[in-house]
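# Observations on the model geometry
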Amino acid sequence: MTATAIETRADHDAAGEKVFNDLIAQDMRIEPRDWMPADYRKSLTRQISQHAHSEIIGMQPEANWITRAPSLKRKAVLMAKVQDEAGHGLYLYSAAETLGTPRDQMTEDLIAGKARYSSIFNYPVLTWADIGAIGWLVDGAAICNQVPLCRASYGPYGRAMVRICKEESFHQRQGFEILLELANGTPEQRAMAQDAVNRWYAPSLMMFGPPDEDSPNSQKSMEWKIKRFSNDELRSRFVGMMVEQIKVLGLDLPDKDVRFDEESGRWEHGPLDWNEFKEVLAGRGPCNAQRMERRREAHEDGAWVRDAASAYAARQAAKHTTKAA
Ligand SMILES: [Fe+2]
Ligand SMILES: [Fe+2]
């Protein structure tokens, strides 16, 4: 590169950075063709691809229960929900691709165990009531986390989140309704509902990520207006929502320390086991190996579909070239 070229590049970056900073300051959107800092691109690629992986891996614990759903209606509802999650994965992989990393690469990283996904999907789903607890707590936590992401500074991510959030609301309602029916059922069904809430409560609180003081990337993400609220703020909001909804269910939250702190204006909760969180994230949770094995199998089983789609696309492209000639 010549000295002039370097200068030109530096000028270009300086001008780009100014436009980027102005857009962020004015709360406007950054679009794929805009200049953006390399760290912004990297951080978003990581966040959006992890989010996409979570949607896809998250299909497994629930898909396992489609054949065991207790009625035709429940089966249809659960099937629709699991299909929605596949759709969420697709929107998000597409949004991540606009930042320059091809989807194949992201999938390879997941399959090779290099990429992360939400720790929550590494817990076992033991009873039908767990499907209710997942919808209510896990999709509920996802909504809390994701509604502010609809305003994320990166356009394709924010727009994908709008539709995702609408579908998540349906997911939460279906989970709540399963629990409500069980809570009003036989004593065994009620006990099953309470047991499921007991097991999924703490892992769902941990979905918001580590406490603010242990979350070094959050600050930058908030400056860039990707994230609008801190992990602890979102977690506190979620606890407040659950406190009201559990009353309607007539069940209990397995947390005696839940209280509203007037001074901070936040809901407080009992201690969480962050060592467990780290272990699960590091691949040593109860179902990590099983989830990854199933994902690899599904990828291999789907090879013929990808091959057929590529062959079809190549044939169509060849036809157009012949016509053009
Ligand atoms: Fe989802
Ligand atoms: Fe969902």
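Residues numbered from 1 in each chain as written. Chains lettered and ligands numbered in written order. Predicted model: local features only at pLDDT ≥ 70, side-chain atom pairs only at ≥ 80, totals over all residues. Heavy atoms only, no water.

## Considerations on the nonpolar core
Judged by nonpolar contacts, the single largest core of 77 residues is most densely connected at Y40, I48, W136, Y154, Y157 and W200. In this view, Y154 contacts R29, I30, E31, P32, M36, Y40, L44, I48, A95, T98 and L99; residues no more than four positions away in its chain are not counted. (Core = buried A, V, L, I, M, F, W, Y, C linked by side-chain atoms within 4.5 Å. Buried < 20%, exposed > 50% of the residue type's maximum accessible area, 1.4 Å probe, protein only. Contact = heavy atoms within 4.5 Å.)

## Observations regarding the coordination of the iron ion (ligand 2)
Donor atoms from the polypeptide that bind the iron ion (ligand 2) are E85 (OE), D139 (OD), E168 (OE) and H171 (ND1), placed at 2.0 to 2.2 Å. Because the angles between the 4 donor atoms bound to the iron ion (ligand 2) fall within 86 to 161°, the donor set is best described as irregular. Counting residues between consecutive donors of the iron ion (ligand 2) along the chain gives the motif E-x53-D-x28-E-x2-H. In this structure the iron ion (ligand 1) is found 3.4 Å away from the iron ion (ligand 2), and E85 serves as a bridging donor for the pair. Of this pair, D139 sits in helix α6 (residues 128-146) while H171 sits in helix α7 (residues 155-183), and the two are 32 residues apart along the sequence. Accessibility classification places D139 together with H171 in one group, the buried group. (Donors = N, O, S within 2.8 Å, 3.2 Å for Na, K, Ca; no water. Tetrahedral: all angles 85-135°; square planar, octahedral: opposite > 155°, others 65-115°. Helix = DSSP H or I, 4+ residues; strand = E, 2+ residues; numbered from the N terminus.)

## Digging into the coordination of the iron ion (ligand 1)
Of the protein atoms, only E55 (OE), E85 (OE), H88 (ND1) and E168 (OE) coordinate the iron ion (ligand 1), at distances of 2.0 to 2.2 Å. Coordination at the iron ion (ligand 1) is irregular, judged from the 4 donor atoms that bind it and the angles of 84 to 146° they form at the metal. The sequence pattern describing where the donors of the iron ion (ligand 1) fall on their chain is E-x29-E-x2-H-x79-E.

## Details of the packing of α7 against helix α10 (residues 231-249)
As a packed pair, α7 and α10 sit with axes 9 Å apart at the nearest point and diverge in direction by 40°. Taken together, the axes of α7 and α10 are oblique relative to one another. Taken together, the residues of α10 that come into contact with α7 (itself represented by Q172, F176, L179, L180 and A183) are M241, M242, Q245, V248 and L249. Grouping the constituent residues of the contact of α7 with α10 by class yields 8 nonpolar, 2 polar and no charged. (Axes fitted to C-alpha atoms, helices over the stretch in contact; angles between N-to-C directions. Parallel < 35°, antiparallel > 145°, perpendicular 65-115°, else oblique. Nonpolar A, V, L, I, M, F, W, Y, C, P; charged D, E, K, R; others polar.)

## Notes on the side chain of K81
Within the element layout of this structure, K81 appears in helix α4 (residues 72-97). Once you skip the residues sitting within four places of it in the chain, K81 turns out to touch E62, D139, F170, H171 and Q174.

## A short note on the pattern of salt bridges
Evaluated as defined, the whole model comprises 18 salt bridges. One salt bridge connects K81 with E85, and the closest N-O pair in it is separated by 3.1 Å. Placement of the pair is K81 and E85 together in helix α4, with a separation of 4 residues, close to one helical turn. One connected set of salt bridges, linked through shared partners, spans E62, K81, E85 and D139. (Salt bridge = Lys/Arg side-chain N within 4 Å of Asp/Glu carboxyl O.)

## As for the packing of α6 against helix α8 (residues 187-206)
Working note: a packed helix pair is described by the angle between its axes plus the distance between those axes. Contact geometry of α6 with α8 gives a least axis separation of 8 Å together with a crossing angle of 30°. The orientation of α6 relative to α8 falls into the category roughly parallel. Seen from above, α6 lies across α8 with right-handed handedness. Here A129, D130, A133, I134, W136, L137, V138 and A141 of α6 lie close against α8, whose contacting residues are M192, A193, A196, V197, R199, W200, Y201 and S204. When its residues are assigned to classes, the contact of α6 with α8 shows 13 nonpolar, 1 polar and 2 charged. (Left-handed = near helix turned anticlockwise from the far one by under 90°.)

## With respect to unusual backbone geometry
Not every positive phi belongs to a glycine, and D27 is a case in point at roughly 60°. By secondary structure assignment, the location of D27 is in the loop between α1 (3-25) and α2 (38-57). Positioned with a positive phi, K225 is a non-glycine residue whose angle comes to about 60°. Looking at where K225 falls in the secondary structure, it is placed in the loop between α9 (216-223) and α10.

## Brief notes about the packing of aromatic side chains
Taken as a whole and assessed by the stated rule, the structure comprises 9 aromatic pairs. Ring centres 5.2 Å apart and planes at 80° place the aromatic pair W274 and F277 in the edge-to-face group. Pair noted here: W274 and F277 are both in helix α11 (residues 274-284), with a separation of 3 residues, about one helical turn. Pair check on accessibility: W274 and F277 agree, each one buried. Cation over ring: R237 sits above F229, and NZ or CZ is 4.1 Å from the ring centre. (Phe/Tyr/Trp six-rings, centres within 6.5 Å; stacked < 30°, edge-to-face > 60°. Lys NZ or Arg CZ within 6 Å of the ring centre and 35° of its normal.)

## Quick word on the side chain of H53
In this structure, H53 sits in helix α2. In this structure the side chain of H53 is engaged in a polar contact, spanning 2.7 Å, whose partner is the side chain of Y93. Setting aside chain neighbours within four positions, we find H53 in contact with G58, Y93, M106, L110, A115, R116 and Y117. (Polar contact = N/O pair within 3.5 Å; in protein donor to acceptor, adjacent residues only side chain to side chain.)

## As for the state of the cysteines
Using the criterion set out here, one finds 0 disulfides in the structure. For C150, which is in no disulfide, the shortest distance to another cysteine sulfur is to C165 and amounts to 3.9 Å. (Disulfide = S-S within 2.5 Å.)

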